[in-house]
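# A structural walkthrough
The residues making up each chain are set out below.
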Amino acid sequence: MTGSLELGPVAWPPTAITTERLVLRAPEPRDRPALIELLSTPEVHTYLGGPHSRDDLERTVPETPHQRPGLFVAERDGALIGTVELKRTKGEYRSPIGQDGDAEIGYLFLPRAWGHGYAAEACAAALDWLATALPDEPVVLCTQTANTRSMRLARKLGFTEAERYEAWGAEQWMGIRTGR
């Protein structure tokens, strides 16, 4: 399992982050149906090993979603459209070239939110928050090279290629972003 972001003296959850079109906040009980939809949608998990079973999620996702440090809900017009997570990489879930403890950003958005720039807006806000909370913390982003949307977003967010490697049956890309 991936590790949460170690925040030290930084309070979690932070005050909600408001962007031009979104609110990034900690998960709430009202998010459960959308989280289950997000985790069970095949298109969302094309490059992540496939979706989770909706039935399994209905049984296992708690009524009050976990509020673990680093996990933001991306909300538009009062509804969850995705999540952004800042975490520390750990064990088998880190890239083989990365280090345990690297700060890593990941995100999932519902297909109806794709193509509107919401992921870029949400990730940029989360990265800005991290840069304020933990100055000079480099951040990595890993994705399959076949995921052209994710590759494009990584570059837009200022990540530069650090390495390509083979893992989980596909070529992976790891980018790094240092400073603001």
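This text follows the structure it describes.
This structure is a prediction, so every number in the text was calculated from the model and none was measured.

Definitions and limits used
- Residues numbered from 1 in each chain as written.
- Predicted model: local features only at pLDDT ≥ 70, side-chain atom pairs only at ≥ 80, totals over all residues.
- Heavy atoms only, no water.
- Salt bridge = Lys/Arg side-chain N within 4 Å of Asp/Glu carboxyl O.
- Helix = DSSP H or I, 4+ residues; strand = E, 2+ residues; numbered from the N terminus.
- Buried < 20%, exposed > 50% of the residue type's maximum accessible area, 1.4 Å probe, protein only.
- Phe/Tyr/Trp six-rings, centres within 6.5 Å; stacked < 30°, edge-to-face > 60°.
- Core = buried A, V, L, I, M, F, W, Y, C linked by side-chain atoms within 4.5 Å.
- Contact = heavy atoms within 4.5 Å.
- Pairing = 2+ DSSP bridges.

### Brief notes about the pattern of salt bridges
Counted according to the given criterion, the structure contains 13 salt bridges. A salt bridge links Glu 75 to Arg 25; the shortest N-O distance between them is 2.5 Å. Residue Glu 75 is located in strand E4 (residues 71-76), and its partner Arg 25 is located in strand E3 (residues 23-25); the two are separated by 50 residues in the primary sequence. With relative accessibility at 11%, the residue Glu 75 sits in the buried group. In this structure Arg 25 comes out as buried when scored by relative accessible area, which is 8%. Here Arg 88 ties to Glu 137 by a salt bridge, and the two come within 2.5 Å at their closest N and O atoms. In this pair, Arg 88 is assigned in strand E5 (residues 79-88) and Glu 137 in the loop between helix H3 (118-133) and strand E7 (139-144), connecting sequence segments 49 residues apart.

### Quick word on the packing of aromatic side chains
By the definition in use, this model includes one aromatic pair. Aromatic side chains Phe 72 and Trp 129 sit 5.5 Å apart centroid to centroid with 80 degrees between the ring planes, which places their arrangement in the edge-to-face category. Residue Phe 72 is located in strand E4, and its partner Trp 129 is located in helix H3; the two are separated by 57 residues in the primary sequence. The pair formed by Phe 72 and Trp 129 is uniform in burial state, with each residue classed as buried.

### Brief notes about the nonpolar core
In terms of nonpolar packing, the biggest core is built from 32 residues, with Leu 24, Phe 72, Val 84, Leu 86, Ile 105, Phe 109 and Phe 159 touching the most fellow members. Secondary-structure elements contributing two or more residues to this core are E4, E5, strand E6 (103-109), H3, E7 and helix H4 (148-156). When residues in this core are grouped by element, the largest group, 10 residues, is from H3. The contacts of Phe 72, once residues within four sequence positions are left out, are Trp 12, Pro 14, Ile 17, Leu 24, Arg 25, Gly 82, Thr 83, Val 84, Leu 86, Ala 126 and Trp 129.

### Regarding the pairing of E5
With nine of its 10 residues buried, E5 lies for the most part within the structure. Relative to E5, E4 runs antiparallel, the two being bridged by six bridges. For Arg 76, the partnering residue across the bridge sits in E5 and is Ala 79. Taking the residues that link successive antiparallel strands as the turn, the E4-E5 hairpin has two residues, and the phi of Asp 77 there is positive, at about 50 degrees.

### Digging into unusual backbone geometry
Glycine aside, residues mostly have negative phi angles, and peptide bonds mostly take the trans form. Non-glycine residue Asp 136 carries a positive phi angle of around 65 degrees. Counting through the fold element by element, Asp 136 comes out in the loop between H3 and E7. Its identity as a non-glycine residue notwithstanding, Trp 168 has a phi of 50 degrees, on the positive side. Among the structural elements, Trp 168 can be located in the loop between strand E8 (160-167) and strand E9 (170-177). By relative accessible area, Trp 168 is classed as exposed at 57%.

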